[in-house]
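One-letter residues, chain by chain:
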Amino acid sequence: MGEIRLEKVHKAFGTTVVIPEIDLEIADNEFVVFVGPSGCGKSTLLRLIAGLEDTTSGRILIDGEDMTARAPAKRGLSMVFQSYALYPHMSVYNNIAFPLKMAGADKSVIEEKVRNAARILNLTDYLDRRPGQLSGGQRQRVAIGRAIVREPKAFLFDEPLSNLDAALRGAMRLEISELHHQLHTTMIYVTHDQIEAMTMADKIVVLNAGRIEQVGSPLELYRSPRNLFVAGFIGSPRMNFVQGPEAEKLGAATIGVRPEHLELSTGDGYWKGKVGVAEHLGSDTFLHVDVDGLGQVTARADGEIGLRHGETVFLTPIRERVHRFDDKGEAFS
Amino acid sequence: MATLQTRASARLMMTPAVVLLLLWMAVPLAMTLYFSMLRYNLLMPGMEEWAGFLNYRFFLTDPAFFAGLLNTLLLVGGVLAISVGGGILMALLLDQPFFGQGLVRLMVIAPFFVMPTVSALVWKNMLMHPVNGLFAWLARTFGLQPVDWFGQAPLFSIVMIVSWQWLPFATLILLTALQSLDSEQKEAAEMDGAGALSRFIYIVLPHMARAITVVVLIETIFLLSVFAEILVTTNGGPGVQTTTVTYLVYVQALLQFDVGGASAGGIVAVVLANIVAIFLVRLIGKNLD
Ligand SMILES: Nc1ncnc2c1ncn2[C@@H]1O[C@H](COP(=O)(O)OP(=O)(O)OP(=O)(O)O)[C@@H](O)[C@H]1O
Ligand SMILES: [Mg+2]
């Protein structure tokens, strides 16, 4: 079990309010991702749930039990830190065994659980090494191993992959998703990388300046962002925003079109522009087009499109995929 | 660091410094060795003659020597225990956030800047004096018999004075070590269910091991040659109760004018210091890899 509920959680450091007020429900066995720009309070929220920070007001319930004042170790949660926070003078074995040892478990029980965790995480060959003798990915796995031996109600990850290179990040992303399917445990995962959020989450919580902007499945957020912030944050490359007369034609203050929802043509179309930089990714090409009267618009094209810098191109938004926002930035349809 | 070429050039560039240092060390050592083999008393100038190992025999069979050896070990051991143990406690305290932290930290370092002679005199005349001292006054206030520190526990008194001087050094080094501990590590341990004591034993202490080693090594080097504190307080007495090997060499050379004997004592002290050093490096050197 691992059902977590936040009720009117408020956090301030002195006079700086970091989290004005948050209500959130996380179901058992759910993979929830907190995303948001740097400094929006993701880590703070995670640390509040972990008990490493005290809430200023509000309640935190785990499995229906009020844990607001409970010590971190007593909440039955495990945390994986961004810096891994391994104990450098202990072997990998002792690192993983540490929480069990602190809980006063039997030697034989510890041995069994550590070996089991090491097997799941492919660490069996490294049990005698010190953390300093491991690669970044292996350290990350040790940190996860230390978290899973406690059999927690939920795992908390604070940007666990941000110190890894792109290839390893992709691999570890899969491993963590796989682990979630194996363990059937609630996971809360903090990241500012929206690709991680989109690929791993059952539910994404978009935070901005300590407030929840929107909660929903990755596709829900992609299809129907509630406001400009979410629309701009989810999706890569970013959604194009257009203001002025073009938006007014559709009765909105701002309209948004994703790069993949623009049709390209060299003959004719709705907006006319000049190709600026073209980013060739192989499978796709992202064209940065200077549209007359609108400014820069990004469009996705086929990977092998033959357009060059300076050539003229016509863009046509797919009408039903255009998002409309009112003057307060809220979406409407 | 590791390639053959860098090692070779590093050696080449270090050579002048190493040669200079060797000369610097070797010449006085050779002279001391030479003097230690002479019958050389300042009261009888021009009467120097070859004495072989006679000086060593006298020095090593002097009953004061064994007392001195024991006192030296007690002094070094006692001061190390107090300054390292106290240093850890002080560092833990100073690491907590409290009002006026900066000022308190600054004041804690102060004893280190006081000259040994001055601090020993202050302790002797203002704190430990059996009539005028602060401790005596305190004892009388509570209706107790004042303690005559240098009469009843002379070596302990000196250990106290020297510890007071070295505590700031230990505190400072250990505090910096403590502050370099990653706070996420402490939090991870907290989440792993480690209480304050377990965190100290399993996380903080191992993290400080290296700094503790450095403190022990440096302090030992300086403590083996403690002299001023003994000279201005007890003069090595009562009897030989506070005579260390260093002090004994001084007695030989400048009170008995026996340069030969003092040189022999000096050599013995050097040998002893090296034994202690080897012992220490063996014992805790593995922390410095
Ligand atoms: N101990 C503290 N005292 C005062 N302010 C703090 C403290 N910790 C965090 N803050 C502030 O709270 C805000 C949110 O911080 P937090 O670490 O939660 O951001 P984040 O969303 O995790 O950012 P990032 O993606 O960069 O890790 C920041 O503006 C930060 O300055
Ligand atoms: Mg953070």
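Report follows, based on the coordinates.

### Examining helix 12 (residues 245-255) of chain B
Thought 1: If you check which residues of helix 12 of chain B are buried, you get Val245, Tyr247, Leu248, Val249, Val251, Gln252 and Ala253 of chain B.
Thought 2: Note on helix 12 of chain B: the residue one or two positions beyond its end, Phe257 of chain B, has a positive phi of about 55 degrees.

### Considering the interface of chain A and chain B
Thought 1: Residue-level contacts link 22 residues of chain A with 15 residues of chain B.
Thought 2: Overall, the association of chain A and chain B removes approximately 1,600 Å² of surface from exposure, summing both partners, and the carbon and sulfur fraction of that is 62%.
Thought 3: Sorting the residues of chain A by area buried against chain B places Tyr87, His89 and Met102 of chain A first, and these three jointly supply 28% of that buried surface.
Thought 4: Across the chain A-chain B interface, the total number found is 2 salt bridges.
Thought 5: A salt bridge links Asp192 of chain B to Arg146 of chain A; its shortest N-O distance comes to 3.7 Å.
Thought 6: Counting only elements with at least two residues in the side of chain A that touches chain B, the list comes to helix 1 (42-50), strand 6 (77-80) and helix 2 (92-102) of chain A.
Thought 7: Of the residues forming the side of chain A that touches chain B, the biggest block, 4 residues, is contributed by helix 2 of chain A.

### Quick look at the pattern of salt bridges
Residue and element names in this part refer to chain A.
Thought 1: Taken as a whole and judged by the stated rule, the model has 13 salt bridges over all chains.
Thought 2: Close ionic contact of Arg59 with Asp66 constitutes a salt bridge, the shortest N to O distance being 3.4 Å.
Thought 3: Put simply, Asp284 and Arg300 hold a salt bridge, and the shortest N to O gap is 3.9 Å. Taken as a pair, Asp284 in strand 15 (residues 284-291) and Arg300 in strand 16 (residues 295-302) lie far apart in primary sequence, 16 residues in all.
Thought 4: The exposure class assigned to Arg300 is partly exposed, which follows from its relative accessible area of 37%.

### A short note on the pairing of strand 9 (residues 203-208) of chain A
Residues and elements named next belong to chain A.
Thought 1: Judged by how many residues are buried, strand 9 sits mostly within the fold: 6 of 6 residues are covered.
Thought 2: Where burial is concerned, the two faces of strand 9 agree: the one with Lys203, Val205 and Leu207 and the one with Ile204, Val206 and Asn208 are both buried.
Thought 3: Sheet analysis places strand 3 (residues 31-35) next to strand 9, joined by 4 bridges and oriented parallel. Bridging from a neighbouring strand, Val35 pairs with Val206 of strand 9.
Thought 4: Bridge count between strand 9 and strand 10 (residues 211-216): 5 bridges; the pairing is antiparallel. Bridging from a neighbouring strand, Val206 pairs with Gln214 of strand 10.
Thought 5: In sequence, strand 9 turns back onto strand 10 through a hairpin of 2 residues, with Ala209 there showing a positive phi of about 50 degrees.

Definitions and cut-offs
Residues numbered from 1 in each chain as written. Chains lettered and ligands numbered in written order. Predicted model: local features only at pLDDT ≥ 70, side-chain atom pairs only at ≥ 80, totals over all residues. Heavy atoms only, no water. Buried < 20%, exposed > 50% of the residue type's maximum accessible area, 1.4 Å probe, protein only. Helix = DSSP H or I, 4+ residues; strand = E, 2+ residues; numbered from the N terminus. Contact = heavy atoms within 4.5 Å. Buried area = accessible area lost by both parts, 1.4 Å probe. Salt bridge = Lys/Arg side-chain N within 4 Å of Asp/Glu carboxyl O. Pairing = 2+ DSSP bridges.

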